[in-house]
Amino acid sequence: MMKPPITRMGGKSKLRKEIISMIPDHTCYVELFFGAGWVYFGKEPSKVEVINDIDKELINLFRMIKYHAPEIERMLEYEFSGRDIFEEYKNMTIENLTEIHRSVRFLYLISQSFAGKGNHYGYGTNSKPKPQIFYKGILNDIKERLRNTYVENLSFEKTIEKYDRDYTFFFADPPYFETAGYGNSFKEEEHLILRDKLKNIKGKFLLTINDHEKVREWYKDFNIKETEVSYSVAKDKKARGKYKELIITNY
Ligand SMILES: C[S@@+](CC[C@H](N)C(=O)[O-])C[C@H]1O[C@@H](n2cnc3c(N)ncnc32)[C@H](O)[C@@H]1O
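What this report covers is the structure whose coordinates are included nearby. (Residues numbered from 1 in each chain as written. Predicted model: local features only at pLDDT ≥ 70, side-chain atom pairs only at ≥ 80, totals over all residues. Heavy atoms only, no water.)

This part takes up the overall build of the protein. Regarding its fold elements, the protein presents 9 helices and 7 strands. When burial is assessed residue by residue, the protein has 48% of its 251 residues classed as buried. Within the protein, contacts between residues at least 6 apart in sequence are counted, and of these 69% link residues at least 24 apart. As presented, the protein carries roughly 13,600 Å² of accessible surface, and 49% of it is formed by carbon and sulfur atoms. (Helix = DSSP H or I, 4+ residues; strand = E, 2+ residues; numbered from the N terminus. Buried < 20%, exposed > 50% of the residue type's maximum accessible area, 1.4 Å probe, protein only. Contact = heavy atoms within 4.5 Å. Areas by Shrake-Rupley, 256 points an atom, 1.4 Å probe, with all protein chains shown as cover.)

Another point: the packing of helix α7 (residues 156–163) against helix α8 (residues 188–199). Two elements in contact, α7 and α8, have axes whose closest approach is 10 Å; the angle formed by their N-to-C orientations is 10°. The orientation of α7 with respect to α8, classified from their angle, is roughly parallel. Seen from α7, the contacting residues are Phe156, Glu157, Ile160 and Glu161; seen from α8, they are Glu190, Ile193, Leu194, Lys197 and Leu198. Its residues assigned to classes, the contact of α7 with α8 shows 5 nonpolar, no polar and 4 charged. (Axes fitted to C-alpha atoms, helices over the stretch in contact; angles between N-to-C directions. Parallel < 35°, antiparallel > 145°, perpendicular 65-115°, else oblique. Nonpolar A, V, L, I, M, F, W, Y, C, P; charged D, E, K, R; others polar.)

For the structure shown, the criterion picks out 16 aromatic pairs. Look at Phe86 and Tyr121: their rings are 5.7 Å apart centre to centre, the planes differ by 55°, and that puts the pair in the tilted class. One end of the pair, Phe86, is in helix α4 (residues 83–90); the other, Tyr121, is in the loop between α5 (99–111) and α6 (138–146), and 35 residues separate them in sequence. Classification of Tyr121 by relative accessible area gives buried; the value is 14%. Between Tyr150 and Tyr163, the aromatic rings sit 6.4 Å apart at their centres with planes inclined by 40°, giving tilted as the arrangement. With Tyr150 in strand β3 (residues 149–152) and Tyr163 in helix α7, the pair connects residues that are 13 residues apart, well separated along the chain. (Phe/Tyr/Trp six-rings, centres within 6.5 Å; stacked < 30°, edge-to-face > 60°.)

As a structural note, the neighbourhood of the ligand is formed by 24 residues, with Lys12, Ala36, Asp53, Ser155 and Asp173 the closest of them. Ala36 places a main-chain nitrogen or oxygen 2.8 Å from an oxygen atom of the ligand. Separating a nitrogen atom of the ligand from a backbone N or O atom of Ile54 is a distance of 3.3 Å. Coverage of the ligand by the protein amounts to 92% of the 610 Å² it exposes when considered alone. Class assignment of the residues belonging to the shell around the ligand gives a composition of 13 nonpolar, 6 polar and 5 charged. (Near = heavy atom within 4 Å. Polar contact = N/O pair within 3.5 Å; in protein donor to acceptor, adjacent residues only side chain to side chain.)

Moving on to α4. Along α4, the residues classified as buried are Ile85, Phe86 and Tyr89. Taken around the axis of α4, the buried residues stretch over an arc of 100°, which confines them to a single face. Along α4, exposed side chains directed more than 90 degrees from the buried face belong to Asp84 and Glu88. (Arc of directions from axis to C-beta.)

Time to look at the environment of Glu88. Of note, Glu88 is situated in helix α4. Here Glu88 falls in the exposed class, since its relative accessible area comes to 56%. The spatial distance from the C-alpha of Glu88 to the C-alpha of Tyr123 is 16 Å, given a sequence separation of 35 residues.

Here α8 contains 12 residues, and its C-alpha end-to-end distance of 16 Å stays within 8% of the 16 Å for a straight helix at 1.5 Å per residue. Taken residue by residue, α8 has His191, Leu194, Arg195 and Leu198 as its buried positions. Along the long axis of α8, the arc covered by the buried residues comes to 100°, so they all point the same way. Along its buried surface, α8 packs onto α7, β5 (204–210) and α9 (213–218). (Expected span 1.5 Å × (residues − 1).)

With that settled, consider unusual backbone geometry. Phi is positive for Ala115, close to 55°, though the residue is something other than glycine. With respect to the helices and strands, Ala115 occurs in the loop between α5 and α6.

All right, on to the pattern of salt bridges then. Proximity of charged atoms lets side chains of opposite charge pair with each other. By the definition in use, this model includes 18 salt bridges. Here Arg63 makes a salt bridge to Glu99, at a shortest N to O gap of 3.4 Å. With Arg63 in helix α3 (residues 56–76) and Glu99 in helix α5, the pair connects residues that are 36 residues apart, well separated along the chain. Accessibility expressed as a relative area gives 30% for Arg63, which makes it partly exposed. The network of salt bridges with shared partners includes Asp211, Arg216, Glu226 and Lys244. (Salt bridge = Lys/Arg side-chain N within 4 Å of Asp/Glu carboxyl O.)

As structure tokens, this is what we get:
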């Protein structure tokens, strides 16, 4: 199974085998909240594939890997992990950079920061710096995987509208509901818009989300499977452990 080039909060590394085993027959595969794309990179390619995320820098990275992988690798060849380089990248004004340079900056910040959040330089006393992105050839497989994929940078509801057919399968992994550490704007209102959109699609969907009383109520008319996941990427030891997650489908 391929691995994504970046880490992302809430990435589905632990759950992807279970999710992949539940994907029904389809022609068009749409991933609405791409993040690092663990499921996309782990599954067999579908006839038509769409990846979508609202994060501009994230989607720019995948577009640039798709079209300019050798140039990104060339730019990264002489980079190494360093706090001053990290701070320099972090403080750059992205409007002044080219799209390729922006993707290198994003890749550097994600790979050299704690938990891939891009805000604090990630160093350790019992682990080496993460050098993977500086090796040549790493992006080539990812570029090949992206070759036949449509890359969208929209909010999920627009992507649902554009791609919904009876042969479409949507995989939805939205930000968790009411979970500390996200600092996102995906609140109850957005979760309800997502629920209403998914409720009315012609195609099939599989949604993964944290186990919450309200979530169970919102999706009570669908199939809900409970599963347990252990997370290790947390600064606070107390935050590590097992979490219940729901896999919800309309099939
Ligand atoms: C839990 S992460 C997805 C993780 C992914 N499944 C993986 O394996 O790495 C949620 C993603 O949703 C994106 N997102 C947040 N709001 C969104 C919206 N309104 N429309 C589309 N994507 C959104 C975030 O940028 C983030 O990358």
